[in-house]
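Now for the letters of each chain:
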Amino acid sequence: MFIRRLQDCTEFIAGDNCRLREILHPDKADLQLRYSLAHAVVAPGQTTWLHALRTSEVYYILSGEGIMHIDGESRPVVPGDTVYIPPKAKQQITNTGPSDLVFICIVDPAWRKEDEEVV
């Protein structure tokens, strides 16, 4: 059985400038995974840098509120929303609320630095 606690995952600034903790990644644990799973935080009033991945990505909003921007289209997001981001889509998310915008990121296949381009 494999269990990882969020507080045991090192926080760092991701390529899009959000605070990130990688929870699951096939290169960092002996797991039969194709995807990676991360916990992201965007501070109030902040927007991640415009970026694109070669792979698909899914955001699941846990808390806070914001606006998701994908390829020129923008829509509000709140807790419980799931956002599919197609491969190569230009994306960023803005925190429009008074508290942290917190979400889970699933990248399939697993995130690799060389698959991300900051625009």
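Above this text sits the structure in question.
Each chain has its residues counted from 1, following the order in which its sequence is written. Whole-chain, interface and lining totals are the exception, using all residues; otherwise, since this is a predicted model, local features are given only for residues with pLDDT of at least 70 and side-chain atom pairs are given and counted only at 80 or more. Based on all heavy atoms of the structure, the side-chain values leave hydrogens and waters out of the count.

Observations concerning the overall build of the protein chain
Then, number 1: Numbering of helices and strands runs from the N terminus, with a helix taken as a DSSP run of H or I at least four residues long and a strand as a DSSP run of E at least two residues long. The helix and strand tally for the protein chain stands at 0 helices and 11 strands.
Then, number 2: Helices and strands appear in the protein chain in the N-to-C order β-β-β-β-β-β-β-β-β-β-β.
Then, number 3: To get the radius of gyration, use the C-alpha atoms; to get the globule rule, take the number of residues to the power 0.38 and multiply by 2.2 Å. Taking 2.2 N^0.38 as the reference for a compact globule, 119 residues should give roughly 14 Å; the C-alpha atoms of the protein chain span a radius of gyration of 14 Å, in line with that estimate.
Then, number 4: In terms of overall dimensions, the protein chain has a C-alpha envelope of 35 × 30 × 25 Å along the principal axes.
Then, number 5: Taken over 119 residues, the protein chain has a buried fraction of 41%.
Then, number 6: What makes two residues a contact is simply this: any of their non-hydrogen atoms within 4.5 Å. Across the protein chain, the fraction of contacts at a sequence separation of at least 24, relative to all contacts at a separation of at least 6, is 65%. Relative accessible area decides the class of each residue, using a 1.4 Å probe on protein chains only: under 20% of the type maximum gives buried, over 50% gives exposed, and in between gives partly exposed.

Details of the pairing of strand S7 (residues 73-77)
Then, number 1: The rule for pairing is simple: two strands pair if DSSP sees at least two bridges between them. Two strands pair when backbone bridges link them, and strand S6 (residues 66-70) and S7 are joined in this way by 5 bridges, in the antiparallel orientation. From the neighbouring strand, Met68 faces S7, where its bridge partner is Arg75.
Then, number 2: As consecutive antiparallel partners, S6 and S7 are separated by 2 residues, and within that stretch Asp71 has a phi angle of approximately 45°, a positive value.

Comments concerning the sheet that holds strand S5 (residues 56-63)
Then, number 1: Taking strand neighbours across the sheet as the criterion, the 6 strands line up as S1-S2-S3-S10-S5-S8 in an open arrangement whose pairing is antiparallel. Bordering the open sheet on either side are strand S1 (11-13) and strand S8 (82-85), each of which pairs with just one other strand. Each adjacent strand pair in this sheet contributes to an overall mean axis angle of 30°, direction not counted.
Then, number 2: Both S5 and S8 contribute to a ladder of 4 bridges, which runs antiparallel. Counterpart to Tyr60 in the pairing with S8 is Thr82. Only the contacting stretch of a helix is used when fitting its axis, a line to C-alpha atoms as for every element, and angles between N-to-C directions run 0 to 180 degrees.

Regarding the nonpolar core
Then, number 1: Among buried residues, those of type Ala, Val, Leu, Ile, Met, Phe, Trp, Tyr and Cys that are joined through side-chain atoms within 4.5 Å constitute a nonpolar core. Membership of the largest hydrophobic core comes to 18 residues, with the highest contact counts inside it found for Tyr59, Met68, Val83, Ile85, Ile93 and Phe103.
Then, number 2: Here Met68 is in contact with Tyr59, Glu73, Ser74, Arg75, Val77, Val83, Ile85, Gln91, Gln92 and Ile93, once residues within four sequence places are set aside.
Then, number 3: Membership of the second largest hydrophobic core comes to 5 residues, among which are Cys9, Ile23, Leu24 and Ile104.

Side note on the side chain of Glu116
Then, number 1: Its location among the elements puts Glu116 in strand S11 (residues 116-118).
Then, number 2: The buried charged residue Glu116 lacks any salt bridge, with Lys113 as its nearest oppositely charged partner at 8.1 Å.
Then, number 3: Of the polar contacts made by the side chain of Glu116, one reaches the side chain of Trp111; its length is 3.2 Å.
Then, number 4: Aside from chain neighbours lying at most four places away, what touches Glu116 is Gly15, Asp16, His51, Ala52, Leu53 and Trp111. Positive: Lys, Arg. Negative: Asp, Glu. His and the chain ends are not part of the count. In the sections that follow, a salt bridge refers to a side-chain nitrogen of Lys or Arg positioned within 4 Å of a carboxyl oxygen of Asp or Glu. Counted as a polar contact is a pair of N or O atoms within 3.5 Å, where, for protein atoms, one must be capable of donating a hydrogen and the other of accepting one, and residues adjacent in sequence contribute only when both atoms are in side chains.

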